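Structural overview for review
Below are the chains, spelled out letter by letter.
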Amino acid sequence: MTTTSLAPAVSTLTIGVRRGGIELLQFMRDKTSLIFTFFFPAMLLLLFGAIFTDSYDLPGLSAAQVFTSSMIAYGVISTSFITMGVGIATDREDGTLKRLRGTPVTATAYFLGKLILVAALTAGEVVVLLAVGVLVFDMPLPSEAGRWVTFAWLFVLSVTSCGLLGIAASALVRNSRTAGAVLNVPVVALQFLSGVFIHPITQLPDWMITFASVFPVKWMAQGFRSVFLPDAATTFEAGGAWEHGRIALVLGAWCVVGLVLCLTTFRWTSRRD
Amino acid sequence: MTEHTGKQRSGPHPGGSPRSAKYSSGMLENAVEVRDVVVKYGEVTAVDGVSLSVPRGSILALLGNNGAGKTSLLQVCEGFRGPDGGSARVLGLDPIADHDDLMPRLGIMLQSGGVYPWATAGEILQLFASYAANPLDVDMLLDRLGLRKFAKTRFRRLSGGEQQRLSLAVALVGRPELVFLDEPTAGMDVGARQTTWELVDSLRADGVSVLLTTHLLDEAESLADQVVIMDNGTVAATGTPAELTAAAGIDLLQVRAEPGLAIAPLAAQLDAKVTEEGPGEYAIAGTLDTESLAEVLAWFARAGAQVTAVNTRRRTLEDVYLALTAGATR
């Protein structure tokens with residue numbers, strides 16, 4: 001054993017990618033969290049799709065298809081916001097973050113690893129939900145490239161904003177055992193207000209829609225509907241249009257807010273230390 | 001494994017004063033330099049003005065009871081928290097301001113926590129190795145710590161002692177210049193403890209500096225070049241294990257002679273406790289120096305006794321430690 005290390009330090013990017021690997025490995029082996037995170041939104045979709053079978057006054061548009069596309073927003077939030085918030089609260093409490101603080105792993109590398117985990121889980125979640133939609137509810141997948149381009153930027157903005165907000169929210173969680181419950185309260189409430197569990201959103205009082213419009217969920221759900229539903233379905237939207245520009249603007253703004261909150265509130269150790 | 005050759009290398013280190021005058025190059029400054037560090041948790045003062053230094057390539061043991069402030073002091077050196085008073089320099093750097101430059105050069109073994117329960121021992125060590133620019137060979141390290149057969153065992157299935165050894169391996173895998181070990185052998189069985197001691201001892205031969213905390217006296221005595229005894233957040237004593245015990249002197253003299261000698265006058269003369277523990281087995285207990293040994297033997301000679309055996313027992317580090325931490329001499 002020698003002490004000199006002449007080789008250049010390992011880059012943040014490399015460490016971040018390796019951390020992404022171990023985060024995924026951990027997540028996949030912990031069957032409980034895997035099943036709960038992945039299949040809970042899928043189960044909700046199956047239930048909602050089976051309960052609300054009535055069709056809209058639009059040829060080829062079933063309630064189940066609307067739910068499938070809206071539920072992707074819920075899936076993204078579940079795997080990015082919740083996983084990130086609970087994961088970091090747990091890492092903080094069980095000493096993972098503290099141990100990393102004593103290694104060459106930088107904060108950036110740590111977050112990069114988490115974002116890799118969250119992006120991979122979310123992609124898997126979207127696949128599961130689309131599979132349910134296509135196989136169970138006969139939802140056609142769009143063939144135009146333009147819609148998949150919309151899907152791509154929407155996915156990136158959604159994962160980034162929800163992931164960053166999850167990191168910020170982890171600072172509010174005092175105890176990792178209650179983290180899931182605490183973080184799910186605003187998430188589930190927003191699903192009702194944002195046209196995910198209740199559709200069309202126009203059934204809601206105006207003030208509720210205005211309130212929901214401040215948060216990302218409404219815009220994510222609207223965006224995913226714009227990818228998978230026919231353009232005629234815009235009549236069921238609050239603004240009567242898909243409003244892509246506004247969706248990008250709101251989600252982009254939440255990315256900035258999330259980043260600022262992360263940088264100002266992130267702590268390596270719990271308050272007790 | 002290497003012998004304990006480093007033991008004699010560092011001489012007396014009075015008052016923990018820096019020995020940098022001996023060295024001309026800045027590269028050879030002390031690995032750890034702690035000056036008047038204070039750590040407070042709210043109203044409670046955990047560390048109350050501690051100074052110490054760890055010369056490069058040496059092992060310093062912080063010895064103390066639970067709650068003596070050992071871990072708090074270590075946390076300041078590791079950059080987990082800033083001191084509430086005083087300063088700490090580690091490898092010439094500030095543990096907080098220079099955090100990112102310092103970390104690749106340190107190995108830190110925490111008491112617990114922060115390892116992935118679902119990953120295997122091999123995966124964990126491989127991961128921590130991948131953070132380092134020039135890591136040790138993972139298989140070699142697993143072999144050396146007797147963990148090879150657990151390489152495919154998930155962390156949560158390892159015993160406490162095995163987790164502890166893995167934690168040590170994690171601290172060492174990046175070829176650190178300086179290692180902080182917080183109670184490294186806690187929860188280990190005797191064999192694992194021996195293996196760990198050998199490994200830590202071999203670090204010194206490689207020029208690695210070590211600051212460890214322990215409440216095991218034999219651990220401090222067999223590993224450390226310098227021992228700092230902490231009590232209630234302050235330094236109660238500093239020195240090599242030999243210095244600490246030598247200062248305390250001989251505390252027991254056993255003499256074998258005829259049974260039934262009248263020993264009361266000897267006790268009065270020496271201000272020591274003299275007892276006949278068995279027929280002809282006399283024990284003289286107290287703080288004894290060379291002169292008092294001569295007096296004892298002269299007394300036996302005057303009494304016309306035939307002394308057939310003399311045995312002295314030096315104070316152990318344990319005696320010194322107990323005396324210091326109990327606040328009273330025995």
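Not measured: the values here are computed from a predicted model.

Rules used in this analysis
- Residues numbered from 1 in each chain as written.
- Chains lettered and ligands numbered in written order.
- Predicted model: local features only at pLDDT ≥ 70, side-chain atom pairs only at ≥ 80, totals over all residues.
- Helix = DSSP H or I, 4+ residues; strand = E, 2+ residues; numbered from the N terminus.
- Buried ≥ 20, exposed ≤ 12 C-beta atoms within 10 Å, placed from the backbone.
- Contact = placed C-beta atoms within 7 Å.
- Pairing = 2+ DSSP bridges.
- Axes fitted to C-alpha atoms, helices over the stretch in contact; angles between N-to-C directions.
- Domains from an automatic or database assignment.
- UniProt positions renumbered as here; feature names shortened; annotations may be inferred.
- Core = buried A, V, L, I, M, F, W, Y, C linked by C-beta atoms within 7 Å.
- Nonpolar A, V, L, I, M, F, W, Y, C, P; charged D, E, K, R; others polar.

The next thing to look at is the overall build of chain B. Summing up its helical and strand segments, chain B has 11 helices and 13 strands in all. Burial analysis of chain B (330 residues in total) assigns 42% to the buried set. Partitioning the contacts of chain B with sequence separation of at least 6, the portion at a separation of at least 24 is 70%.

What links the strands of a sheet is backbone hydrogen bonding, and the strands pair in either a parallel or an antiparallel sense. All names here are of chain B. Read from one edge of the open sheet, six strands run 5-6-7-3-8-9, paired in mixed fashion. Whereas interior strands pair on both sides, the edge strands pair on one side only; in this sheet they are strand 5 (106–109) and strand 9 (234–239). When strand polarity is set aside, the average angle formed by the axes of neighbouring strands in this sheet is 15°. In the sheet, strand 5 pairs with strand 6 (residues 178–182) via four bridges, with the strands oriented parallel. Its bridge partner being in strand 6, Met 109 is matched across the sheet by Leu 181. In this fold helix 5 (residues 160–172) packs onto strand 5 and strand 6, with an angle of close to 165° to the strand it touches most, strand 5.

This part covers the domain arrangement of chain B. Domains assigned within chain B are domain 1 (5–240) and domain 2 (250–314). Just the C-alpha atoms count here: the centres of domain 1 of chain B and domain 2 of chain B sit 45 Å apart.

A separate point is the UniProt feature "transmembrane region" (unreviewed entry) in chain A. Residues and elements named next belong to chain A. Per the UniProt record, "transmembrane region" (unreviewed entry) is annotated on residues 34–52, 72–90, 111–136, 148–169, 181–201 and 247–266. Across residues 34–52, helical content stands at 95% and strand content at 0%; the span's end C-alpha atoms are separated by 28 Å. Summarising residues 72–90: 100% helix, 0% strand, and an end-to-end C-alpha distance of 26 Å.

Attention now goes to the nonpolar core. The nonpolar side chains of soluble globular proteins are, as a tendency, buried together. In this structure, Ala73(A), Ala61(B), Cys77(B), Leu125(B) and Ala169(B) are the most contacted members of the largest nonpolar core, which totals 140 residues. With 15 residues, helix 3 (residues 63–93) of chain A is the largest single contributor of residues to this core. Excluding residues that lie within four positions of it along the chain, Cys77(B) makes contacts with Val32(B), Val34(B), Ala88(B), Val90(B), Pro95(B), Phe180(B) and Leu211(B). Judged by nonpolar contacts, the second largest core, of nine residues, contains Leu253(B), Ala272(B), Leu288(B) and Val296(B).

Moving on, we get to the pairing of strand 8 (residues 226–231) of chain B. Residues and elements named next belong to chain B. With respect to burial, strand 8 is a largely interior element, five of its six residues being buried. Relative to strand 8, strand 3 (residues 59–63) runs parallel, the two being bridged by four bridges. The residue of strand 8 that forms the bridge with Ala 61 is Val 227. Across five bridges, strand 8 lies against strand 9 in antiparallel orientation. Within strand 9, the residue paired with Asp 231 across the bridge is Thr 234. Hairpin remark: strand 8 followed by strand 9, antiparallel, with two residues in the connecting loop; positive phi at Asn 232, about 50°.

Listed per partner, the contact involves 27 residues of chain B and 27 residues of chain A. Elements supplying a minimum of two residues to the side of chain B that touches chain A: strand 5 and helix 3 (121–130) of chain B. Here the element with the most residues in the side of chain B that touches chain A is helix 3 of chain B; it accounts for three residues. When the residues that make up the side of chain B that touches chain A are grouped by side-chain class, the tally is 16 nonpolar, six polar and five charged.

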